[in-house]
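Below, each chain spelled out in residue letters.
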Amino acid sequence: MDLPLDFKTYTIWSIYTTIGFFVLAIVGFLFKWGFRFRLVGATGFMGVLTVGLFALSLGLFDRVEIPNAVRFNLVYDTGGNQAVITVPIDITKDQLESTLLQASNDLFSYGRTATNADDKLTIRARTQFHQEAMTIPLYLGQVRRSLVNKDDATPSIVINEKAFAQLESLQKQQ
């Protein structure tokens, strides 16, 4: 079951429910119902739930989506400043550049630490070419970005032209 994360809609419905419990609690006090204090508790709980949903609707899940990026899998991550992703074998150079930017945004975290006095996050992209009884890993490119600044406007992207040429020649041999 796939539920959408539309917290604004959930917040609105939670507000309606909270108001409904509040009205029921008032009616319970007017008619001196025995469970009127339980209605006060339910109203308080709904108020807390509504505030929490409102906080989530403010946009805690803002993901940047880079156009032309393809899906990638995280293969290796030190939790520090090095990571490796794998990309499909039929990726183009433009798609690789977009995918590296997407990966640099997705893998950024304030919890990462610099190792070996390197304050840049380095993400390498690789693919694997399978031949008979042999697999050739090809590192197609890398991106380096700041470990500290989330809005790093100048990530350094390097595309490995030799690896792309080797990939094309391997695909022609098949």
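Above: the structure in question.
Residues numbered from 1 in each chain as written. Predicted model: local features only at pLDDT ≥ 70, side-chain atom pairs only at ≥ 80, totals over all residues. Heavy atoms only, no water.

Colleague: So what's going on with the packing of aromatic side chains? Residues and values would help.
Modeller: All chains considered together, the criterion is met by six aromatic pairs. Summarising the aromatic geometry, the rings of W13 and Y16 are spaced 5.6 Å apart at their centres and angled 90° between planes, so their arrangement reads as edge-to-face. Within this pair, W13 and its partner Y16 are both found in helix α1 (residues 7–30), separated by three residues, close to a single helical turn. Considered together, W13 and Y16 belong to a single accessibility category, that of exposed residues. Between the aromatic rings of F29 and F37, the centroid separation amounts to 5.4 Å while the plane-to-plane angle is 90°, which identifies the pairing as edge-to-face. In this structure F29 comes out as partly exposed when scored by relative accessible area, which is 38%. Put simply, the rings of F31, W33 and F35 touch in pairs and so form one group of aromatic residues. Against the face of F164 rests K93, its NZ or CZ located 5.7 Å from the ring centre. (Phe/Tyr/Trp six-rings, centres within 6.5 Å; stacked < 30°, edge-to-face > 60°. Helix = DSSP H or I, 4+ residues; strand = E, 2+ residues; numbered from the N terminus. Buried < 20%, exposed > 50% of the residue type's maximum accessible area, 1.4 Å probe, protein only. Lys NZ or Arg CZ within 6 Å of the ring centre and 35° of its normal.)

Colleague: For the nonpolar core, give the residues involved together with the corresponding values.
Modeller: Across soluble globular proteins, nonpolar side chains show a tendency to be buried alongside one another. I85, V87, L96, I123 and L140 are the most contacted members of the largest nonpolar core, which has 22 residues in total. Put simply, the parts of the chain that give this core at least two residues each are β2 (82–86), α3 (93–106), β3 (120–131), β4 (134–146) and α4 (161–173). Look past the residues within four positions of I123 in its chain and what remains in contact with it is A83, I85, L100, A103, S104, L107, G141, Q142 and V143. (Core = buried A, V, L, I, M, F, W, Y, C linked by side-chain atoms within 4.5 Å. Contact = heavy atoms within 4.5 Å.)

Colleague: Let's hear about the packing of α1 against helix α2 (residues 36–57): which residues, and what values?
Modeller: Direction vectors running N to C along α1 and α2 enclose 165°, while the axes themselves pass 8 Å from each other. Considering the angle they form, α1 stands roughly antiparallel to α2. Both α1 and α2 take part in a crossing whose hand is left-handed. Here the residues of the contact of α1 with α2 are counted per class, giving 17 nonpolar, nine polar and two charged. (Axes fitted to C-alpha atoms, helices over the stretch in contact; angles between N-to-C directions. Parallel < 35°, antiparallel > 145°, perpendicular 65-115°, else oblique. Left-handed = near helix turned anticlockwise from the far one by under 90°. Nonpolar A, V, L, I, M, F, W, Y, C, P; charged D, E, K, R; others polar.)

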